[in-house]
Amino acid sequence: MGAVRVSRRGLFKLTGASVGASTLTALGFSPAAAQAAVRAFKLERTSETRNTCPYCSVGCGVIMYSIGDGAKNVKGKIIHIEGDPDHPTNRGTLCPKGAALIDFINSKTRLQVPQYRAPGAKEWTRISWDQAIDKIARLMKDDRDKNFIARNGDGQTVNRWVSTGFLAASATSNETAWATYKVVRSLGMVVFDNQARV
Ligand code: SF4
């Protein structure tokens, strides 16, 4: 067997780490507990926000930890995400996809604002949320006025609108899903699905 080579600098590091660990142990602290304490300190001044993982129909609960006190010139930032131990679906666990949510949130390519591509145009243009909502409402109203079917060929009342569809996201609570369903169906819309069915 060959001898393990340790440089002088490496020896100091090794010795320091060993002394540190054995001193902690001698004082009654386990190194693992000490490291865990550092982790807890990192999150101590964060705000917790509960949410739902947006990826799939399992709908796991997550806790997002963010820094920033909400002051006018302070921009909040999510620095850590983990499974919500109180959530009945996942009880604190997350699959690898959900565990990597922080990368999705902070991705430079994440779409965060509404954009509009005019008919025939190649470029997307940034628009405000008010403009986007007005445009969607206008298009829905015009299409419904034009294509709403009050009665079928036999004269029976059907009140259906089949020329526009609605796709809802999976990251919804039962309550928001219920409200979405009521709004969509009250318009007579038949083509309605939820990403949670993927
Ligand atoms: S953590 Fe995984 S299993 Fe849970 S909702 Fe997200 S993608 Fe689905």
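Preceding this section is the structure that the text describes.
Predicted model only: the values in this text are computed from it and were never measured.

Counting its secondary structure elements, the chain contains 6 helices and 9 strands. The buried share of the chain, reckoned over its 198 residues, is 18%. Excluding contacts between residues fewer than 6 apart, the proportion of contacts in the chain whose partners are at least 24 apart in sequence is 38%. In the structure as shown, the chain presents an accessible area of about 15,300 Å², 57% of it carried by carbon and sulfur atoms.

Okay, the site of the ligand next. What surrounds the ligand is the set Cys 53, Tyr 55, Cys 56, Val 58, Gly 59, Cys 60, Leu 94, Cys 95 and Gly 98. Here the shell around the ligand is composed, by residue class, of 7 nonpolar, 2 polar and no charged.

An order of 1-2-3 is seen for the 3 strands of this open sheet, with the pairing classed as antiparallel. The open sheet has two edge strands, strand 1 (47–52) and strand 3 (77–83), and neither has a second partner. Taking each pair of neighbouring strands and ignoring which way they run, the sheet shows an average axis angle of 30°. Of the strand pairs in this sheet, strand 1 and strand 2 (residues 61–67) are connected by 6 bridges, and their pairing is antiparallel. In the sheet register, Ser 47 faces strand 2, and the bridge partner there is Ser 66.

Moving on, we get to the pattern of salt bridges. Applying the stated rule across the entire model yields 4 salt bridges. Lys 141 serves as the salt-bridge partner of Asp 145, at 2.6 Å between the closest nitrogen and oxygen. Here Asp 145 pairs with Lys 141, and both are found in helix 5 (residues 129–147), just 4 residues apart, close to one helical turn. Overlapping salt bridges bring together Arg 50, Asp 84 and Asp 86 as one network.

Turning next to the nonpolar core. Cys 53, Cys 60, Val 62, Met 64, Ile 78, Ile 81, Leu 101 and Ile 105 together form the largest nonpolar core, which totals 8 residues. Residue assignment for this core shows that the elements contributing at least two residues are strand 2, strand 3 and helix 4 (101–105). Aside from chain neighbours lying at most four places away, what touches Ile 105 is Met 64, Ile 78, Ile 81 and Arg 110. If you look at the next biggest cluster of nonpolar residues, it comprises 5 residues, including Trp 161, Ala 168, Met 189 and Phe 192.

Another point: helix 6 (residues 174–186). Over its 13 residues, helix 6 extends 18 Å from the first C-alpha to the last, a length consistent with the 18 Å expected when each residue adds 1.5 Å. Positive backbone phi, at 90°, marks Gly 188, one or two positions downstream of helix 6.

Sheet faces and side chains relate simply in a regular strand, where the side chains alternate between the two faces. The sheet contact formed by strand 6 (residues 149–151) and strand 7 (residues 157–160) spans 2 bridges and is antiparallel. Across the sheet, residue Arg 151 finds its bridge partner in strand 7, namely Thr 157. Counting the residues that bridge the hairpin from strand 6 to strand 7 gives 5 residues, and of these Gly 155 lies at a positive phi of roughly 85°.

Calculation notes
- Residue positions are counted from 1 within each chain, in the order its sequence is given.
- Residues qualify for local features only when their pLDDT is at least 70, as the model is predicted, and side-chain atom pairs are given and counted only at 80 or more; totals for whole chains, interfaces and linings, by contrast, use all residues.
- Calculation of side-chain values draws on the structure's entire complement of heavy atoms; hydrogens and water are dropped beforehand.
- We count a stretch as a helix when DSSP gives it H or I for four or more residues in a row; a strand needs E for two or more, and each element gets its number in order from the N terminus.
- Relative accessibility under 20% of the residue-type maximum defines a buried residue, over 50% an exposed one, and the middle range a partly exposed one, all with a 1.4 Å probe and only protein chains included.
- In what follows, a contact means two residues having at least one pair of non-hydrogen atoms within 4.5 Å.
- With residues, only the protein chains shown are counted as cover, and all accessible areas are computed by Shrake-Rupley using a 1.4 Å probe.
- The nearness test applies per residue and asks whether one of its heavy atoms lies within 4 Å of the molecule or strand.
- Here the term charged refers only to Asp, Glu, Lys and Arg, the term nonpolar to Ala, Val, Leu, Ile, Met, Phe, Trp, Tyr, Cys and Pro, and the term polar to all other amino acids, Gly among them.
- We call two strands paired when DSSP finds no fewer than two bridges between them.
- All axes are obtained by fitting lines to C-alpha atoms, using only the stretch in contact for helices, and the reported angles, taken between N-to-C directions, cover 0 to 180 degrees.
- Each salt bridge in this description consists of a side-chain nitrogen of Lys or Arg and a carboxyl oxygen of Asp or Glu lying within 4 Å of one another.
- Only buried residues count toward a nonpolar core. Its members are Ala, Val, Leu, Ile, Met, Phe, Trp, Tyr and Cys residues joined through side-chain atoms within 4.5 Å.
- The span one expects for a helix is its residue count, reduced by one, times 1.5 Å.

These figures capture arrangement, not role.
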